[in-house]
Structures are given as structure tokens and as C-alpha cells.
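Residue-level structure breakdown
The lines below spell out each chain.
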Amino acid sequence: MKEKFRQFMIGRYGADDLGKFTVVLAIIFIILNVFFHHGVFSFFAMLTLFVCYFRMFSKNITKRSAENGKYLFYRRKYWAFFDKKRSQLLDKKTHHIYKCPKCKQKIRIPRGKGMIEIRCPKCSMIFKKKS
């Protein structure tokens, strides 16, 4: 049986990150259907599973690979936003972020140094702030 399936899958696209995402999305829709008993959730679950299997058994490998690449691009963009916010929250404990009054450049200054003069790296304006 394994060998027959392996022969069937030769020349087909198979599983990728977008396929795994669609399976997880289908599981979420199934769980929502259990709790809320709306037919729309079961419809979306079936639709996402259909898309997953269609992509998995497709022989148009270049198109499926391009779709997965686009998905990975947007996923990286999404996670980069939250990683940036997380690092800003962690950085807030040890540093102040000030804006230059002239050019609005953000400048990162360590906390606990008292009153200091800050020179903007972009426009070289000097201003005083408490750190």
C-alpha cells in the first residue's frame, strides 16, 4: 500500500507550510462547528480541506510553490511585526526612546544615567533629556 501511494505521489506537489496552515484552519472550523452548530463552519472546514488536498495532489508544482512562497512572505511579515513589538516592550525596561525635535529620528538611550546631552546621529542636533 505504501509503495502504491508513493508511486501515485510521484510528480505531485505534496505537503508544504501553506498546506499545514489550511489543515489547522480546517480543524479550527470543525471545532467551531462543534460548539456553535452553524453549517457555515462545516462548509469552510470542507472548503479548506478541499484546497489542501487539491494543492497536495496537484501536478503544477511551480504554481503551488509560488503560492507557498507568497504565504511564507506574508507570514514572515506578520511575525516580524509582533517580534518588533515584543522587543520594544522588553527594551522599554532598560532604555528610553526619544525623538529628535528637529528631524524626528528615534534615538535609544539607556536608563539611569541622569540628565544627559543627546546628539542626534542624523542631523547632529544636541538636546537634553533625563534618562
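A short tour of the structure in this document, coming up. Since the structure is predicted, the reported quantities are computational estimates derived from the model, not experimental observations.

**Comments concerning the pattern of salt bridges**
Throughout the structure, instances matching the rule amount to six salt bridges. Between Glu67 and Arg55 there is a salt bridge, with the nearest N and O atoms lying 2.9 Å from each other. Within this pair, whereas Glu67 is found in helix H4 (residues 61-91), its partner Arg55 is found in helix H3 (residues 39-57), the two being separated by 12 residues in sequence. Where Asp83 meets Arg86, a salt bridge forms, and the shortest distance between an N and an O atom there is 3.6 Å. Separated by three residues within a single helix, Asp83 and Arg86 lie in helix H4, roughly one turn from each other. Through salt bridges that share partners, Asp16, Arg55, Arg64 and Glu67 make up one connected network.

**Considerations on the packing of aromatic side chains**
In this structure the tally under the stated criterion is 12 aromatic pairs. Here the aromatic rings of Phe50 and Phe54 are separated by 6.4 Å at their centres, their planes lie at 25°, and the arrangement is stacked. Taken together, the residues span about one helical turn, with Phe50 and Phe54 both in helix H3 at a distance of four residues. Relative accessible area serves as the criterion here: at 56%, Phe50 is assigned to the exposed category. Relative accessible area serves as the criterion here: at 46%, Phe54 is assigned to the partly exposed category. With a centroid separation of 5.3 Å and 75° between ring planes, the pair formed by Tyr78 and Trp79 is classed as edge-to-face. The exposure class of Trp79 is partly exposed, given its relative accessible area of 49%. Members of the aromatic cluster, each reached through a chain of ring pairs, are Phe5, Phe8, Tyr53 and Phe57.

**So, a nonpolar patch on the surface**
Judged by side-chain polarity, Val23, Ile27, Ile30, Ile31, Val34, Phe35 and Phe36 come together as a nonpolar surface patch covering roughly 660 Å² of accessible area. Counting through the fold element by element, Ile27 comes out in helix H2 (residues 17-36).

**Focus on the layout of surface pockets**
Roughly 220 Å³ of internal volume is contained in the largest pocket. Around the largest pocket, the lining residues are Gln88, Asp91, Lys92, His95, His96, Ile97, Lys106, Ile107, Arg108 and Arg111. When residues of the lining of the largest pocket are traced back to their parent elements, those giving at least two are H4, strand S1 (95-99) and strand S2 (106-110). Here the lining of the largest pocket is built from residues that sort into two nonpolar, three polar and five charged.

Definitions and cut-offs
- Residues numbered from 1 in each chain as written.
- Predicted model: local features only at pLDDT ≥ 70, side-chain atom pairs only at ≥ 80, totals over all residues.
- Heavy atoms only, no water.
- Salt bridge = Lys/Arg side-chain N within 4 Å of Asp/Glu carboxyl O.
- Helix = DSSP H or I, 4+ residues; strand = E, 2+ residues; numbered from the N terminus.
- Phe/Tyr/Trp six-rings, centres within 6.5 Å; stacked < 30°, edge-to-face > 60°.
- Buried < 20%, exposed > 50% of the residue type's maximum accessible area, 1.4 Å probe, protein only.
- Patch = residues over 30% accessible without salt bridge, like charges linked within 9 Å, V, L, I, M, F, W, Y side chains within 5 Å.
- Areas by Shrake-Rupley, 256 points an atom, 1.4 Å probe, with all protein chains shown as cover.
- 1 Å grid on protein atoms, 1.4 Å probe; cavity = no way out; pocket = protein on both sides within 12 Å on 5 of 7 lines; lining within 4 Å.
- Points joined across faces, edges and corners; volume = space filled by probe spheres on them.
- Nonpolar A, V, L, I, M, F, W, Y, C, P; charged D, E, K, R; others polar.

These figures come from the coordinates and say nothing about function on their own.
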